[in-house]
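As a plain string of letters, each chain reads:
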Amino acid sequence: MPDILVTGCTQLLTLRGAAPRRGRELQELGIVRDGALLIRDGSIHAIGPRKKIERLGEARRAKKIDLGGRVVLPGFVDSHTHLVFAASRAAEYEMRIAGATYEKIAQSGGGILSSVRKLRGAHRDDLKSRALAHLRQFAAHGTTTIESKSGYGLDLASEMKSLEVLQDLRHAQRVDIASTFLGAHVVPPEYRGRPDDYVDLVERIWIPFVARSGLAQFCDVYCDRGAFTVAQAQRILLAGMMAGMAPRIHAEQLARTGAARLAIRLRAASADHLEKINRGDIRALAASDVACTLLPGCCFHLGLANHAPARELIDAGAIVALATDFNPGTSPTANMQMVLSLACTQMRMTPAEAIAAATINGAYALRRHERVGSLEVGKFADLAAFDVEDYREIPYYFGVNHCRLVMKRGAVIYDQRGSN
Ligand code: NIG
Ligand code: FE
């Protein structure tokens, strides 16, 4: 593969330096005006002002890509998604608009369990082609790494089917996927009224099996009212850790349960949602190394105003990350640009903080910050170019796709430079 010289970056946001970012560090984007990069074998070989990079001997021989004056970011790292599902839940969306709540729909057998029924009946190839179409949307909106959970199978064969789909997708396209086992999403119908029996099964049989398959790097639990308790979540996550899967957790979304404190005790990679945390939780999270992954798409899609206290978390010094939570129930969007807009207007994060949370801190939440999340020498050449004049316009002009070109490990995976 020849070297590639990328120029035409009006603002090149490198995000160089501290990883992860806390407090004021979230404002530091390491912007190079009229920047350029030299890419070798999929990684960044040199980066800086165009005049300096163009002077390098290798740059003259390199294949040239001129972005024509665009704002360039590290590709988004979307550290919380539920990519594999069989159908939308648009009917529930309409029910909620008419007044039903997310929890009421779940109690009457809809919600996650309706996705479970559909996924169990779906063929692996159909799940794969649906997920592939969604992955193309992720890439088209500037995302180059995602995490995805299983969790709509809730029997071993269907959970494995979901994880195998994720494995197939790694070979079918270029976006990197970190896999998470979410066997403890909710109690499946077979174990209704016997949650501890289900936890036993997941802990003793499924987790060792999944770990041996090598198909999941992380283990997650939905710890909330209507799902699993802190004690049950602890059993599952400890079993995952014993088997070599690092913990992450859905915490404090609908009710405050103590799940965030559990994440801290277990040194989880991240605690996600956090809408219902209190002041003490904020202080404890800020003093920990757990990424606080905020998912404002959920409140937006559910029509709720109770966003997570992003401002307080950042000001206290927590490691705040942003993700889509792409899933058919609470946040059906693959668009991190929209998540930035929501973070800014609904959670009062600045555009700079939101970008750092969606790139380098997302990478940290997946324990991949050594390779992705910033544009620095030695890291993957994962980048996205946006058709705006200033990075703040990405969240400002909301609800449209500004992305025009995406590179993953130096390969162009999306190119719409011709369109405006
Ligand atoms: O992150 N709350 C639990 N899990 C998902 C929702 C899944 C669903 O409704 O299908 C979430 O919001
Ligand atoms: Fe989720």
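Presented here is an overview of the structure given in this document. (Residues numbered from 1 in each chain as written. Chains lettered and ligands numbered in written order. Predicted model: local features only at pLDDT ≥ 70, side-chain atom pairs only at ≥ 80, totals over all residues. Heavy atoms only, no water.)

**Focus on the sheet that holds strand β14 (residues 403-408)**
Part 1: Reading across the sheet, the seven strands line up as β3-β2-β1-β4-β13-β14-β15 and stay open at both edges, with mixed pairing between neighbours. Edge positions in the sheet fall to β3 (43-49) and β15 (411-415), since each has one partner strand and no second. The sheet shows a mean angle of 30° between the axes of neighbouring strands, direction not considered.
Part 2: Sheet analysis places strand β13 (residues 383-386) next to β14, joined by four bridges and oriented antiparallel. What sits directly across from Leu383, in β14, is Met407. (Pairing = 2+ DSSP bridges. Helix = DSSP H or I, 4+ residues; strand = E, 2+ residues; numbered from the N terminus. Axes fitted to C-alpha atoms, helices over the stretch in contact; angles between N-to-C directions.)

**Here we look at the sheet that holds strand β7 (residues 176-184)**
Part 1: Spatially, the eight strands line up as an open sheet ordered β5-β6-β7-β8-β9-β10-β11-β12, and their pairing is parallel. Taken across any chain shown, the strands that pair with only one partner, and hence form the sheet edges, are β5 (76-78) and β12 (319-322). Neighbouring strand axes in the sheet, compared pairwise and without regard to direction, differ in orientation by 25° on average.
Part 2: Of the strand pairs in this sheet, strand β6 (residues 143-149) and β7 are connected by five bridges, and their pairing is parallel. Among the inter-strand pairings, Ile146 is bridged to a residue of β7, identified as Ile177.
Part 3: Sitting on the sheet, helix α9 (residues 230-242) touches β7, β8 (218-223) and β9 (246-251), and the angle it makes with β8 is about 175°. (Contact = heavy atoms within 4.5 Å.)

**Quick word on the coordination of the iron ion (ligand 2)**
Note on metal sites: the ideal angle is 109.5 degrees for four tetrahedral donors, and 90 or 180 degrees for six octahedral donors.
Part 1: Looking at the iron ion (ligand 2), one finds its protein donor set to be His80 (NE2), His82 (NE2), His250 (NE2) and Asp325 (OD), positioned 2.1 to 2.5 Å from the metal centre.
Part 2: Taken in chain order, the donor set of the iron ion (ligand 2) reads H-x1-H-x167-H-x74-D. Placement of the pair is His250 in strand β9 and Asp325 in the loop between β12 and α14 (336-347), with a sequence separation of 75 residues. Across the pair, Asp325 and His250 agree in class, each one buried. (Donors = N, O, S within 2.8 Å, 3.2 Å for Na, K, Ca; no water. Buried < 20%, exposed > 50% of the residue type's maximum accessible area, 1.4 Å probe, protein only.)

**Observations regarding the packing of helix α8 (residues 195-213) against α9**
Part 1: In contact at an axis separation of 9 Å, α8 and α9 are set at 5° when each is read in the N-to-C sense. One element, α8, and the other, α9, form an angle in the roughly parallel class. Listed contacts from α9 to Pro195, Asp196, Val199, Asp200, Val202, Glu203 and Ile207 of α8 are Gln232, Arg235, Ile236, Ala239 and Gly240.
Part 2: A breakdown of the residues in the contact of α8 with α9 according to their chemical character gives six nonpolar, two polar and four charged. (Parallel < 35°, antiparallel > 145°, perpendicular 65-115°, else oblique. Nonpolar A, V, L, I, M, F, W, Y, C, P; charged D, E, K, R; others polar.)

**Description of the site of ligand 1**
Part 1: Contacts to ligand 1 come from 15 residues, most closely from Arg89, Tyr102, Tyr152, Asp325 and Thr330.
Part 2: Between His185 and ligand 1, the recorded distance is 3.0 Å, taken from a side-chain N or O atom to a nitrogen atom.
Part 3: When ligand 1 sits alone it has 330 Å² of accessible area, and the protein chains cover 100% of it.
Part 4: Considered class by class, the residues forming the shell around ligand 1 number four nonpolar, nine polar and two charged. (Near = heavy atom within 4 Å. Polar contact = N/O pair within 3.5 Å; in protein donor to acceptor, adjacent residues only side chain to side chain. Areas by Shrake-Rupley, 256 points an atom, 1.4 Å probe, with all protein chains shown as cover.)

**Considering the packing of aromatic side chains**
Part 1: Taken as a whole and assessed by the stated rule, the structure comprises seven aromatic pairs.
Part 2: A centroid spacing of 5.6 Å and a plane angle of 45° characterise the contact between Phe85 and Phe326, whose relative ring orientation is tilted. Taken together, the positions of Phe85 in the loop between β5 and α3 (90-97) and Phe326 in the loop between β12 and α14 put the pair 241 residues apart, joining distant regions of the chain.
Part 3: Relative accessible area serves as the criterion here: at 5%, Phe85 is assigned to the buried category.
Part 4: Note on Phe326: relative accessible area 3%, which makes it buried.
Part 5: Through successive ring pairs, a cluster of aromatic residues spans Tyr191, Tyr198, Trp206 and Phe228.
Part 6: Across the ring face of Phe218, the terminal group of Arg248 is positioned such that the distance to the ring centre comes to 4.4 Å. (Phe/Tyr/Trp six-rings, centres within 6.5 Å; stacked < 30°, edge-to-face > 60°. Lys NZ or Arg CZ within 6 Å of the ring centre and 35° of its normal.)

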